[in-house]
Amino acid sequence: MKFTYYGQSAFELQAGGKTLLFDPFISPNEMAKNIDVNGLKPDYILLSHGHGDHMADLFTIEKNSGATVICIADIAGWLDNKGLKNVHGMNIGGGFNFDFGRVKMVNAVHSSSMPDGSYGGNPAGFVIYADGKKIYFAGDTALTYDMKLLADESLDWAILPIGDNYTMGIDDAIKASGFINCKNVIGVHYDTFPAIKINKAEAAKKFADAGINLELPGIGESLDL
Ligand code: NI
Ligand code: MN
């Protein structure tokens, strides 16, 4: 499964022969100015919650690609009202078998509202089951005991926020890796804004000391998961 990072919490997974784009916030991100938003043609867009730093480019990319948006039912209703045709609403704890694999929507402890102030439902994370792999994307979240529910999933990779202030920071993300029993972590949701600047060397050392493989791919870089 190929992972490509687009900054903040935006990334793409090639999974089950399809392209999945997560939390598209690219064009407002100065750090991602080399990414051509109009060149992104995903089959699916997975949205963890309604905040602007996760959905700024959703409409543009959906229009360019006709991608199906997978999100919580409350946001699905809002997108439907905005005229989007291809929306798949889910809710926390529910899974669905798509043509690329299975998606389970899981709890995140955060807030969620839409750019116009509308109710955004509960924030979410996702577990993706595809190509024989299990990938957890935590979305924006605090450290929460609910993560322990994933401990027996044998997750291959976890994509965790590490930027602090709005989400877990480095220390809590290390605890989260223990809760979910996963030794391969990709850190996201850092450095985009002054409040979430991290010391990457410190992060690398702390994860290494905890025996966890931390990857911090550059924007535009890919990893084989
Ligand atoms: Ni958020
Ligand atoms: Mn965020």
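For the structure itself, look to the data block above.
Residues numbered from 1 in each chain as written. Chains lettered and ligands numbered in written order. Predicted model: local features only at pLDDT ≥ 70, side-chain atom pairs only at ≥ 80, totals over all residues. Heavy atoms only, no water.

Okay, the sheet that holds strand E4 (residues 44-46) next. With mixed pairing, the seven strands of this open sheet are ordered in space as E6-E5-E4-E3-E2-E1-E14. Lying at the two open borders of the sheet, with one neighbouring strand each, are strand E6 (87-90) and strand E14 (222-224). Adjacent strand axes in the sheet meet at a mean angle of 20° when their direction is disregarded. Of the strands in this sheet, strand E3 (18-22), E4 and strand E5 (68-72) are in contact with helix H2 (residues 58-65), which crosses E4 at around 165°. Packing of helix H3 (residues 73-81) onto the sheet brings it into contact with E5 and E6, and relative to E5 it is tilted by some 135°. (Pairing = 2+ DSSP bridges. Helix = DSSP H or I, 4+ residues; strand = E, 2+ residues; numbered from the N terminus. Axes fitted to C-alpha atoms, helices over the stretch in contact; angles between N-to-C directions. Contact = heavy atoms within 4.5 Å.)

Take the side chain of His88 next. For His88, the position within the fold is in strand E6. Apart from the residues lying within four places of it in its own chain, the contact partners of His88 are Thr68, Val69, Ile70, Cys71, Phe96 and Phe98.

Moving on: the coordination of the nickel ion (ligand 1). Coordination angles at a metal have ideal targets, namely 109.5 degrees for four tetrahedral donors and 90 or 180 degrees for six octahedral donors. The nickel ion (ligand 1) binds to the protein through His49 (NE2), His51 (ND1), His110 (NE2) and Asp140 (OD), with metal-donor distances spanning 2.2 to 2.3 Å. Because the angles between the four donor atoms bound to the nickel ion (ligand 1) fall within 87 to 178°, the donor set is best described as irregular. Between consecutive donor residues of the nickel ion (ligand 1), the sequence gaps follow H-x1-H-x58-H-x29-D. Between the nickel ion (ligand 1) and the manganese ion (ligand 2), both coordinated by Asp140, there is a metal-metal distance of 3.1 Å. Taken together, the residues span a long stretch of sequence, with His51 in the loop between E4 and helix H1 (52-55) and His110 in the loop between strand E8 (102-107) and strand E9 (124-130) at a distance of 59 residues. (Donors = N, O, S within 2.8 Å, 3.2 Å for Na, K, Ca; no water. Tetrahedral: all angles 85-135°; square planar, octahedral: opposite > 155°, others 65-115°.)

Attention shifts here to the sheet that holds E8. In spatial order, the strands read E7-E8-E9-E10-E11-E12-E13; together these seven strands make up an open sheet with mixed pairing. The open sheet has two free edges, formed respectively by strand E7 (95-97) and strand E13 (213-215), since each of these has just one partner strand. The mean inter-strand angle of the sheet, taken between neighbouring strand axes irrespective of direction, is 20°. In the sheet, strand E12 (residues 184-188) pairs with E13 via three bridges, with the strands oriented parallel.

Now for the nonpolar core. Residues Ile128 and Tyr136 are the most contacted members of the largest nonpolar core, which totals 77 residues. Beyond its immediate chain neighbours, meaning those up to four positions away, Tyr136 contacts Val106, Phe126, Val127, Met147, Leu150, Leu155, Trp157, Ala158, Ile159, Leu160 and Ile180. (Core = buried A, V, L, I, M, F, W, Y, C linked by side-chain atoms within 4.5 Å. Buried < 20%, exposed > 50% of the residue type's maximum accessible area, 1.4 Å probe, protein only.)

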